[in-house]
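Structural features, examined
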Amino acid sequence: MTDILSHTEAGVLTLTFNRVERKNSITGAMYDTLSDALERAVDDSAVRVVLLQGDATVFSAGNDIGDFIAAAATPMDHPLPLPAMRFLHGIAAFPKPVVAAVCGPAVGIGTTMLFHCDLVYAGDNVAFSMPFVNLGLVPEAASSLLAPRMMGYHRAAEALLLGEPFLAEAALEVGLVNRVVPPTEANTVAQAQARKLAAKPLSALIETKRLMKLSQQGEVRERMDAESVSFGKMMRSPAAREAFGAFMEKRKPDFSKL
Ligand code: COA
């Protein structure tokens, strides 16, 4: 079974998270598959738009925590695990439009990758969360820059410091999603919107997206690199070890001495 399904039709490359038994948590191999697909799509004239989706029950539970544990055991030669960084830089710089359909849990990078999508359609069962602090970690994907900018500082602090989930209505209010629909319709609605984009002149889409992102592109890249250095340190900290261990052992973490 492939953990990322890939299908191109009517100018839309649809990439589907297909690891539902692990809540579509993303492994290094999955990041590499996504990055390869994005890199190929840049120059593939058959691809005019990319659509990222899960199913009606789950978008993604974020980075595979087993992979975090493995990466934390390696020497500090790389900050954030490299496959994740490659994917984040790839999606942040991707020149063609990216659409997402998001239902159920969208945790960690499952939420932060959406800051780099152009259109987002959510099922009304969506639960966004960025629980980096709860895992002894720091934000990635330039979300420490883009979340306060999009949501306002205090709402971003609730999401990033308290790590509290926020639901469809709040996401709609801050503009993280374009529309909320029944979960069984999210992928269909997003696909229809993606096909509308795909029917437009591609060079005008690319140029418009470039201009819309022009003022923040350098900042985003720099912030991602800064976050990645912190992430690498925090991932190896006693707090993260405790949080990862607690997740694996299905218990509450104990940060009282950390
Ligand atoms: N990494 C590795 N395995 C994960 C995972 C992750 N990020 N998220 C879920 N899984 C696994 C669970 O361990 C469980 O495995 P098991 O069947 O062997 O027990 C399986 O996927 C199903 O998850 P479960 O927690 O039972 O589903 P749920 O519906 O009760 O809860 C979530 C769904 C997404 C809320 C919950 O799984 C969760 O909080 N996951 C961790 C999210 C996270 O912290 N990600 C990192 C962000 S930086």
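This section reports on the structure supplied with the text. (Residues numbered from 1 in each chain as written. Predicted model: local features only at pLDDT ≥ 70, side-chain atom pairs only at ≥ 80, totals over all residues. Heavy atoms only, no water.)

**Quick word on the site of the ligand**
Where we set the bar: We call a residue near a given molecule or strand whenever any one of its heavy atoms falls within 4 Å of it. Here a polar contact means two N or O atoms within 3.5 Å. Within protein one must be a hydrogen donor candidate and the other an acceptor candidate, and residues neighboring in sequence count only if both atoms are side-chain atoms. The Shrake-Rupley method, run with a 1.4 Å probe sphere, supplies the accessible areas, and residue values consider only the shown protein chains as cover. Runs of H or I in DSSP of at least four residues are treated as helices and runs of E of at least two as strands, each being numbered from the N terminus. Note that Gly is not counted as nonpolar here; it falls among the polar residues with everything else outside the nonpolar set of Ala, Val, Leu, Ile, Met, Phe, Trp, Tyr, Cys and Pro and the charged set of Asp, Glu, Lys and Arg.
The local shell around the ligand holds 16 residues, among which Arg22, Ala61, Asn63, Ile65 and Lys250 are the closest. Separating an oxygen atom of the ligand from a side-chain N or O atom of Arg22 is a distance of 2.6 Å. Here Ile65 contributes a backbone N or O atom positioned 2.8 Å from a nitrogen atom of the ligand. Coverage of the ligand by the protein amounts to 64% of the 860 Å² it exposes when considered alone. Put simply, the parts of the chain that give the shell around the ligand at least two residues each are helix H2 (65-72) and strand E5 (105-107). When grouped by side-chain class, the residues that make up the shell around the ligand number eight nonpolar, three polar and five charged.

**A closer look at the sheet that holds E5**
Note the following rule: In this description, strands pair whenever DSSP reports at least two bridges between them.
As summarised here, the arrangement of the three strands in space is E5-E7-E8, forming an open sheet in which the pairing is mixed. Strand pairing shows two members of the sheet lacking a second neighbour, E5 and strand E8 (166-167), which therefore form its edges. Sheet topology note: the E5/strand E7 (residues 127-129) ladder contains three bridges and is parallel. When the sheet's bridge partners are listed, Val107 is paired in E7 with Ser129.

**Details of the environment of Val42**
Our working rule: Remark: exposure states derive from per-residue accessible area (1.4 Å probe, protein chains only) relative to the maximum for the residue type, with buried under 20%, exposed over 50%, and partly exposed in between. Residue contacts are counted whenever heavy atoms from the two residues lie within 4.5 Å of one another.
Looking at the element boundaries, Val42 is found in helix H1 (residues 28-43). Take Val42: its relative accessible area is 33%, and that puts it in the partly exposed class. In sequence terms Val42 and Ile91 are 49 residues apart; their C-alpha atoms lie 11 Å from each other. Filtering out sequence-adjacent residues up to four positions away, Val42 remains in contact with Phe94, Pro95 and Lys96.

**Some words on the pairing of strand E3 (residues 49-53)**
Burial runs high along E3: five of the five residues are buried. Burial along E3 is two-sided: Val49, Leu51 and Gln53 facing one way and Val50 and Leu52 facing the other are all buried. For strand E2 (residues 12-17) and E3, the ladder comprises five bridges, and the chain directions are parallel. Bridge assignment links Val12 to a residue of E3, and that residue is Val49. Examined bridge by bridge, E3 and strand E4 (residues 98-102) share four bridges and lie parallel to one another.

**As for H2**
Put simply, the rule is: Comment: arc refers to directions from the helix axis out to C-beta atoms.
Among all positions of H2, only Ile65, Phe68 and Ala71 are buried. Down the axis of H2, the sector holding all buried residues measures 115°, keeping them to one side. One side-chain oxygen at the N-terminal end of H2 lies 2.8 Å from the backbone nitrogen of Gly66; it belongs to Asp64.

**A closer look at the packing of aromatic side chains**
Formally: Only the six-membered ring of Trp is used, alongside the rings of Phe and Tyr, when aromatic pairs are assigned; centres must lie within 6.5 Å, and planes under 30 degrees apart are stacked while those over 60 apart are edge-to-face, with the rest tilted.
For the structure on display, the rule yields five aromatic pairs. Plain terms: the ring middles of Phe68 and Phe231 are 5.6 Å apart, the flat faces sit at 45° to each other, and that makes the pair tilted. A residue pair is termed long-range when its members are at least 10 positions apart, and Phe68 in helix H2 and Phe231 in helix H10 (residues 217-235) qualify at 163 residues. Per residue, the accessibility class of Phe68 equals that of Phe231, and both read buried. Between the aromatic rings of Phe68 and Phe244, the centroid separation amounts to 5.4 Å while the plane-to-plane angle is 20°, which identifies the pairing as stacked. In this pair, Phe68 sits in helix H2 while Phe244 sits in helix H11 (residues 238-248), placing the two residues 176 residues apart along the sequence. Summarising the burial analysis for this pair, Phe68 and Phe244 share the class buried. Members of the aromatic cluster, connected to one another through ring pairs, are Phe68, Phe231 and Phe244.

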